[in-house]
Amino acid sequence: MLEVKQLYKSFGKEEVLKGIDFRVDKGEAVAVLGPSGSGKTTLLRCISFLERVNGGEIIFDGLHHDMSHISKKMIRQIRMQMGFVFQSFNLFRNMTALHNVTIGLTAARKMPKGEAEQIAWEMLRKVGLEERAGYYPDQLSGGQQQRVAIARAIAANPKVILFDEPTSALDPELTGEVLDVMKKLADEGTTMVVVTHEMGFAREAADRVVFMEDGVIVEEAPSGEFFQNPQKERSVQFLRRVLGTAK
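Residues numbered from 1 in each chain as written. Predicted model: local features only at pLDDT ≥ 70, side-chain atom pairs only at ≥ 80, totals over all residues. Heavy atoms only, no water.

Colleague: Can you tell me about the nonpolar core, naming the residues and giving the values?
Modeller: In terms of nonpolar packing, the biggest core is built from 39 residues, with Leu124, Val148, Ile150, Phe163, Met182 and Met192 touching the most fellow members. Elements represented by at least two residues in this core include exactly helix H3 (97-108), helix H4 (113-126), helix H5 (142-155), strand S7 (160-164), helix H6 (172-187) and strand S8 (192-195). (Core = buried A, V, L, I, M, F, W, Y, C linked by side-chain atoms within 4.5 Å. Buried < 20%, exposed > 50% of the residue type's maximum accessible area, 1.4 Å probe, protein only. Helix = DSSP H or I, 4+ residues; strand = E, 2+ residues; numbered from the N terminus.)

This is the structure we're talking about:
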């Protein structure tokens with residue numbers, strides 16, 4: 001479904017991604033873990049062309065592209081097939097939940113308003129917010145706002161959804177409602193890449209874990225194997241710190 005090869009990204013003289021090879025298969029949920037500053041978010045932003053790379057190749061839906069010389073038209077075409085859920089929701093404050101979901105369908109995809117609203121209702125129902133369709137973001141909790149953002153991302157029926165720390169801006173008591181929606185999507189076979197510090201989600205819902213540090217992938221393995229028997233010493237240290245044990 002999606003693969004990048006030899007992905008490099010620098011900000012000035014600082015090399016943030018150092019030749020990343022990364023893939024996600026159709027229907028797979030991949031959790032990207034690692035300490036702060038390891039390059040996880042930059043990886044997502046490069047995959048979605050929110051950041052221009054210094055070098056690398058992307059293979060998306062069977063088509064190969066040089067990421068450093070790709071045309072704006074092709075970037076738009078690839079983005080139309082990706083969903084992105086940000087840390088900070090990125091909702092339009094002057095639009096209701098329903099309008100926040102429909103706007104991408106009507107504005108970017110030129111979908112008729114009636115058809116877009118029907119899809120938006122279905123997506124809000126899917127994330128448990130049908131009764132809040134007429135509410136504005138300021139009238140919703142952080143967890144509800146993030147669920148609207150997820151509804152917006154899945155409304156376009158993307159081939160892959162990228163999640164960038166979707167619960168990091170939430171109070172702990174609101175995290176669970178967002179993770180429940182994401183677990184449901186994973187169970188349904190949604191292709192997902194999730195940058196997260198939520199070890200429970202990575203262990204229970206992800207098919208595979210990718211562990212990054214200092215701009216490189218240190219280890220990747222099926223989720224159960226990574227948590228039960230990490231192979232790299234740095235992975236062991238990371239799990240000891242976040243879980244209190246290497247197991």
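Colleague: Got a sec to walk through unusual backbone geometry? Specific residues and values, please.
Modeller: You will see that Gln6, though not glycine, has its phi angle at about 50 degrees, which is positive. Along the chain, Gln6 falls in strand S1 (residues 2-11). One non-glycine residue, Phe49, lies in the positive phi region at around 65 degrees. Structurally, Phe49 is set in the loop between helix H1 (40-47) and strand S4 (55-60). A residue is classified by how much of its surface remains accessible, and Phe49, at 7% relative accessible area, is buried.

Colleague: Could you give an account of the side chain of His65, with specific residues and numbers?
Modeller: Along the chain, His65 falls in strand S5 (residues 63-66). For His65, a relative accessible area of 14% gives the class buried.

Colleague: Explain the packing of H3 against H4 to me, and be specific about the residues and the numbers.
Modeller: Contact geometry for H3 and H4: axes closest at 9 Å, N-to-C directions at 130 degrees. Put simply, H3 runs oblique to H4. Where H3 crosses over H4, the two elements pack in a sense that is right-handed. Facing H3, whose interface residues are Ala97, Leu98, Val101, Thr102, Leu105 and Thr106, H4 presents Lys113, Ala116, Glu117, Ile119, Ala120, Trp121 and Leu124. Residue composition of the contact of H3 with H4, by class: nine nonpolar, two polar and two charged. (Axes fitted to C-alpha atoms, helices over the stretch in contact; angles between N-to-C directions. Parallel < 35°, antiparallel > 145°, perpendicular 65-115°, else oblique. Left-handed = near helix turned anticlockwise from the far one by under 90°. Contact = heavy atoms within 4.5 Å. Nonpolar A, V, L, I, M, F, W, Y, C, P; charged D, E, K, R; others polar.)

Colleague: Give me H4: which residues, what numbers.
Modeller: A rise of 1.5 Å per residue sets the reference length of H4, with its 14 residues, at 20 Å; its end C-alpha atoms lie 20 Å apart and thus fit the reference within 8%. Listing the buried residues of H4 in full gives Ala116, Ile119, Ala120, Met123 and Leu124. Projected down its long axis, H4 shows its buried positions confined to an angular sector of 135 degrees, all on one face. Here the buried face of H4 lies against H3 and H5. (Expected span 1.5 Å × (residues − 1). Arc of directions from axis to C-beta.)

Colleague: I'd like to hear about the pairing of strand S3 (residues 29-33), residue by residue, with values.
Modeller: Of all the five residues making up S3, five are buried; the element is thus mostly covered by neighbouring parts of the structure. Residue alternation in S3 divides its side chains into two sets, Ala29, Ala31 and Leu33 and Val30 and Val32, and both sets are buried. Sheet analysis places S3 next to S8, joined by four bridges and oriented parallel. The residue of S8 that forms the bridge with Ala31 is Val194. (Pairing = 2+ DSSP bridges.)

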